[in-house]
Amino acid sequence: MSRLLLSLTLLLYLRFVSAFDEELPRIAIVGAGIGGTSTAYYLRQLFGDQAVIDIYESNSVGGRLDTLKFDGEFIETGGSTLHPKNAYMLNFTKILGLEAKELENNGFGIYDGKEFQFRTSSYKIVTLLKAFWRYGNDLQRVANWVDDLISKKFTRIYNHQLKGYAFTTVKDLLLSMDQLMLNLTTRPLEETLKEMGFSDRFIAEPVTVAVRTNYGQTVNIQSFVGSLALAGMQPGLFAIKGGNKQVSEKLLKESKANFIHAEVKKISLLKEHDSIQYELFYKPHNSTEQNSMQNHIYDIVIIAMPLHQDSKDIKFEGFISPLSYSQPFYRTVATFIQGEVNASFFDFDKEGDLPNTILINAEPYFINSISKRRKNLWKVFSRELLTESEKNLLFKSIEKTTVYNWLAYPAYSSSQKLLPFVLHDQLYYVNAMESAASTIETSVIAARNVALLVKNHWFNLFDYIDEIPNESDENKIKGEL
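Counting starts from 1 at the beginning of each chain's written sequence and moves along it residue by residue. Per-residue local features are limited, in this predicted model, to residues with pLDDT of at least 70; the limit for side-chain atom pairs, both in listing and counting, is 80 or more; totals at the level of whole chains, interfaces and linings are taken over all residues. Each side-chain value is worked out from all heavy atoms of the structure, with water and hydrogens disregarded.

The name an unreviewed UniProt entry assigns to the chain is Prenylcysteine oxidase 1, from the organism Octopus sinensis. UniProt positions are given in the numbering used here, feature names are shortened, and annotations may be inferred rather than shown by experiment. Here the chain is described in UniProt, under the heading Sequence similarities (unreviewed entry), as follows: "Belongs to the prenylcysteine oxidase family." As recorded by UniProt, the Cofactor (unreviewed entry) comment attached to the chain reads in full: "FAD".

1. As for the packing of aromatic side chains
Centre distance and the angle of the planes are the two values used to describe a pair of aromatic rings. For Phe, Tyr and Trp, where Trp contributes only its six-membered ring, two rings pair if their centres lie within 6.5 Å, and the inter-plane angle classes them as stacked under 30 degrees, edge-to-face over 60, or tilted in between. A complete count under the given rule lists 27 aromatic pairs for this structure. Residues Phe154 and Tyr158 carry aromatic rings whose centres are separated by 6.4 Å and whose planes lie at 75° to one another, so their mutual orientation is edge-to-face. Comparing Phe154 with Tyr158, the two get one shared label, buried. Relative to Trp406, the ring of Tyr404 lies with its centre 6.3 Å away and its plane at 15°, an arrangement referred to as stacked. An aromatic cluster of three or more residues is present, and its members are Tyr111, Phe116, Phe345, Phe346, Phe348, Tyr365 and Phe366. Of note, Lys130 hangs over the ring of Phe118, and the distance from its end group to the ring centre comes to 5.7 Å. Each ring is checked for a lysine NZ or an arginine CZ that lies within 6 Å of its centre and within 35 degrees of its normal; such an atom marks a charge sitting over the ring. Residue placement shows Lys266 over the ring face of Phe281; its charged tip is 4.5 Å from the ring centre. Only protein chains enter the accessibility calculation, which uses a 1.4 Å probe; a residue is then buried when its area is under 20% of its type maximum, exposed when over 50%, and partly exposed in between.

2. Things to note about the pairing of strand β2 (residues 52-57)
β2 sits mainly inside the fold: five of its six residues count as buried. Orient the strands so they point away from the viewer, and a crossover whose first-strand-to-second-strand path over the helix runs clockwise is right-handed. Runs of E in the DSSP output that reach at least two residues are strands. Runs of H or I that reach at least four are helices, and both are numbered from the N terminus. Crossover connection from strand β1 (residues 26-30) via helix α2 (residues 34-47) to parallel β2: handedness right-handed.

3. Things to note about the sheet that holds strand β15 (residues 357-360)
One requirement defines pairing of two strands: DSSP has to find at least two bridges between them. Overall, mixed pairing links the seven strands, which are arranged β7-β6-β15-β16-β17-β14-β18 in an open sheet. Strand pairing shows two members of the sheet lacking a second neighbour, β7 (116-119) and β18 (395-410), which therefore form its edges. The mean inter-strand angle of the sheet, taken between neighbouring strand axes irrespective of direction, is 20°. Where strand β16 (residues 369-374) lies against strand β17 (residues 377-382), five bridges are found, and the strand directions are antiparallel. Interaxial angles span 0 to 180 degrees and are taken between N-to-C directions of axes, which are lines fitted to C-alpha atoms, for helices over the stretch in contact.

4. What to know about the pattern of salt bridges
Any two side chains of opposite charge can pair, given that their charged atoms come close. Every case where a carboxyl oxygen of Asp or Glu lies within 4 Å of a side-chain nitrogen of Lys or Arg is listed as a salt bridge. Across all of its chains, the model carries 21 salt bridges by this definition. When the shortest N-O distance is used, the salt bridge between Arg134 and Glu205 registers 2.8 Å. Within this pair, whereas Arg134 is found in helix α4 (residues 124-135), its partner Glu205 is found in helix α10 (residues 200-215), the two being separated by 71 residues in sequence. By relative accessible area, which is 4% here, Glu205 ends up buried. We note a salt bridge from Glu351 to Lys372, for which the minimum N-O separation is 3.7 Å. Of this pair, Glu351 sits in the loop between β14 (329-341) and β15 while Lys372 sits in strand β16; the two residues are 21 residues apart in sequence, bridging distant segments of the chain.

5. Details of empty space enclosed by the protein
Grid spacing is 1 Å over the protein atoms alone, the probe is 1.4 Å, and a cavity is where that probe fits but cannot get out, while a pocket is an open set with protein on both sides within 12 Å along at least five of seven lines and lining residues have an atom within 4 Å of a point. Grid points are joined across faces, edges and corners, and a volume is the space filled by probe spheres set on the points. One pass over the structure, following the stated rule, counts two cavities of 30 Å³ or more. Volume-wise, the largest cavity comes out at about 50 Å³. Along its surface, the largest cavity is lined by Val146, Leu149, Ile150, Phe154, Met181, Leu184, Phe224, Ser227 and Leu228. Looking at the lining of the largest cavity, the elements that each hand over two or more residues are α5 (138-154), α8 (179-184) and α11 (223-231).

6. Describing unusual backbone geometry
Between Glu363 and Pro364 the backbone carries a cis peptide bond, its omega angle lying at 0°. Residue position: Pro364 is located in the loop between β15 and β16. Although it is not a glycine, Lys256 adopts a positive phi angle of roughly 55°. Counting through the fold element by element, Lys256 comes out in the loop between α12 (245-255) and β9 (258-272). Look at Asn460: it is not a glycine, yet its phi comes out positive at around 60°. Within the fold, Asn460 resides in the segment after α14 (440-458).

7. Quick notes on the pairing of β7
As defined by bridge partners, strand β6 (residues 108-111) adjoins β7 across three bridges and the pair is classed as antiparallel. Pairing of Gly109 across the sheet is with Arg119, part of β7. From the end of β6 to the start of β7, which pair antiparallel, there are four residues, and Gly113 there has a positive phi angle of about 95°.

8. Regarding the environment of Ile240
Along the chain, the position of Ile240 falls in strand β8 (residues 238-240). Once residues within four sequence positions are removed from consideration, Ile240 is found in contact with Glu76, Leu82, Thr93, Leu98, Glu99, Lys101, Gln246 and Val247. Residues are treated as being in contact if the distance between any of their heavy atoms lies within 4.5 Å.

9. Details of the environment of Phe348
Along the chain, Phe348 falls in the loop between β14 and β15. A C-alpha to C-alpha distance of 25 Å links Phe348 and Phe202, two positions 146 residues apart in sequence. When near neighbours in sequence (up to four residues on either side) are disregarded, Phe348 contacts Phe116, Arg119, Ala343, Asp353 and Leu354.

What follows is the structure, encoded as structure tokens:
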């Protein structure tokens, strides 16, 4: 009798496992940057080892996280800084066996195109006194404001996601943090800071260079993303030793997703009866044949790359109405120059007298910043490619130039539209989060949100969609993120 019971139990178990396997979707992710690879990682956690997850990338894994190797060291060329309260990136650093390194503050100067308005000293106490003399208590006040936004409001999303909640739009995700976070996306940063009593000088100098350096824009940027730019002025910033892109590379490996080195050209909606599927057409990397297009069919497609107003790479077919995702992007050019800086351009006698980082608050100006990364190596941020005459203004001699030309960030205005994470049934957009803010950490937050949306939609867990959970323990992040 016991054998019969055991056999029946085993049969029922096998039928349950088989039924569960049939329910698992085939998933495609387009883009293997930090958003795409972290989406793959979270999907694997949510759907288990049997789910089919394919990830497509036409370039290298990491997307806008990339490095330049110089004298045996890796120097960030894209997303370079992480905040000490970036819980997901800190967690990835630990579980992936990576090492965080605190970024050194080697001094800076604020330059208005004619003269330096502020310069740090090699003595910390002197720098603090100079800053207080010029800006009063504004530096401390803005630090307190940003810390309050991050610690008491922004971090709520970690608890929501830990409990399995997800949001279909960026607006709803921000509302889950706090109404204020959504309100900040509708007001210019300058207006917000003036209303809070910050001085014109403080806004024109430290605030302006923070926004120009991080987003290449002005203080008319909306206040939510502006507050994240100001977070880049805080102490404790860090990066991953050996390059931030290692996080993407290791997440891809941990996800056990099938990496397909190819460019996705078209996504077609297929609808038969009550089921929805997508046919994804792609061109394999380095394929030279004209008729080299290949295709696969998926239950779910996740776009994890920016879709902007200039993007014509992916065509969407079979939809009754066109998908709405267009947003203008700003170009950021990172030019690495080995050579000797022309100190006289900044009214100094020799290169050694210059601040290690020169932040520009003139508008317009042909560069946003110039900083010394290593001996004889300088990094120049600009909105456009530097001309030969501009490079010759900045440098006495040039040995080598390496250029990284990014469509890096959306243009952030206080009137812009916040995008949805759901473009169509079973079609998701991780980079919708960039309509509110573009950082490494917010990309991971968006990735986990989309992964949870996929799970909750697939298994009809509607109570966990667009609902805000009980906040009684909102300041306690428990368990593994």
